[in-house]
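Residue-level structural notes
Read off the chains here:
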Amino acid sequence: MIEVRELQKGFGDHRVLAGITFRVKRGECVVIVGRSGGGKSVLLKQLIGLVQPDAGEVLIDGENIAGKDERQLLEVRRKFGMLFQGAALFDSMNVAENVGFALRRQRKWSENQISEKVAEALAVVDLKGNETKTPAELSGGMRKRVGLARAIVYRPEILLYDEPTTGLDPIVADSIDRLIVRICEHYQVTSVAVTHDMRSARRIGQRIMMLHQGRIYVTGTPDELFQSTDPVVHQFVNGISDPRETLF
């Protein structure tokens, strides 16, 4: 479903991605982890064409989107839903209007059809009955759920998650993780999440890829990463600031 080949990206003299290569199978849930500022969000935005690479290819269903202009990217982006780090809700719209925003822009459905699709999406994220609330009336976890409902309302083939649990307490973060897993399994949607929260990565990832120094350093199941004796992997997954320390 997604294939990245030798992707490179830099900003000025800073090389963020130095030759990224990986594949994500249809229906798979993959988590990309790495340190803050390590290029995770930049990589995610390149998958949907929001940031163009300096070199390399991004293939979506076999189509290379690297170098395409905005008009050419429109059709490809219809395959995607995205949950942004801060949910990115419109403050001037209520919950139902936020969730139905993309449907109204496409002008393919009647208001009754849009209302039905919005109600269904809100039910999936356990927010039924909150249609008329504004973003200001919602907790951080509820805003994330509204953002997720907006991402799934038109049944995309691919879902992207940018730090889905950032800023949430552990209990709310756990509920968001469980929701992501439920959506991946229920809709069989290809999912890619980026995070530095290893508890979240372990819960939602069928496979985890670790970014380190601009490259995919290691790929494996959650258990394989957490049991790794590689010093770089061990330091990151256990949150050890001093590499001289060890838990072995």
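Figured I'd write up the structure that's included with this text. What you are looking at is a predicted structure, and each value in this text was computed from that prediction instead of being measured.

**Looking at the overall build of the protein chain**
The helix and strand inventory of the protein chain stands at 10 helices and 10 strands. Taken along the three principal axes of its C-alpha coordinates, the protein chain extends 60 × 40 × 30 Å. Taken over 248 residues, the protein chain has a buried fraction of 49%. Excluding contacts between residues fewer than 6 apart, the proportion of contacts in the protein chain whose partners are at least 24 apart in sequence is 64%.

**Here's the deal with the packing of aromatic side chains**
The description of an aromatic ring pair rests on the distance of the ring centres and on the angle between the ring planes. Enumeration over the complete set of coordinates arrives at one aromatic pair. Taking 4.8 Å as the distance between ring centres and 50° as the angle between the ring planes, the aromatic pair formed by Phe 90 and Phe 101 counts as tilted. Placement of the pair is Phe 90 in the loop between β6 (80–83) and α3 (95–99) and Phe 101 in helix α4 (residues 101–106), with a sequence separation of 11 residues.

**Describing the sheet that holds strand β5 (residues 63–64)**
Judged by pairing direction, the sheet is antiparallel, and its four strands sit side by side in the order β2-β1-β4-β5 without closing on themselves. Pairing within the sheet leaves two strands with one partner each, and these edge strands are β2 (14–24) and β5. Strand direction decides the pairing type here: strand β1 (residues 2–11) and strand β4 (residues 55–60), joined by five bridges, are antiparallel. Following the sheet pairing, Val 4 is matched in β4 by Val 58. Sheet strands in contact with helix α1 (residues 40–47) are β1, β2 and β4, and its direction is about 125° off that of β1.

**Description of the packing of helix α6 (residues 140–152) against helix α7 (residues 170–187)**
The contact between α6 and α7 brings their axes to 10 Å, and the two run at 15°. Our classification of the angle between α6 and α7 gives roughly parallel. Note that α6 runs across α7; the crossing there is right-handed. Across the interface between the two elements, Gly 141, Lys 144, Arg 145, Leu 148 and Ile 152 of α6 pack against Val 172, Ser 175, Ile 176, Leu 179, Ile 183 and Tyr 187 of α7.

**Side note on the side chain of Ser 200**
Here Ser 200 is to be found in helix α8 (residues 198–204). The contact partners of Ser 200, leaving out residues within four places of it in the chain, are Thr 165 and Asp 177.

**Section: the state of the cysteines**
A full pass over the atoms with the stated rule returns zero disulfides. Between Cys 29, a cysteine without a disulfide, and Cys 184, which holds the nearest cysteine sulfur, the sulfur-to-sulfur distance is 4.4 Å.

Calculation criteria
- Residues numbered from 1 in each chain as written.
- Predicted model: local features only at pLDDT ≥ 70, side-chain atom pairs only at ≥ 80, totals over all residues.
- Heavy atoms only, no water.
- Helix = DSSP H or I, 4+ residues; strand = E, 2+ residues; numbered from the N terminus.
- Buried < 20%, exposed > 50% of the residue type's maximum accessible area, 1.4 Å probe, protein only.
- Contact = heavy atoms within 4.5 Å.
- Phe/Tyr/Trp six-rings, centres within 6.5 Å; stacked < 30°, edge-to-face > 60°.
- Pairing = 2+ DSSP bridges.
- Axes fitted to C-alpha atoms, helices over the stretch in contact; angles between N-to-C directions.
- Parallel < 35°, antiparallel > 145°, perpendicular 65-115°, else oblique.
- Left-handed = near helix turned anticlockwise from the far one by under 90°.
- Disulfide = S-S within 2.5 Å.

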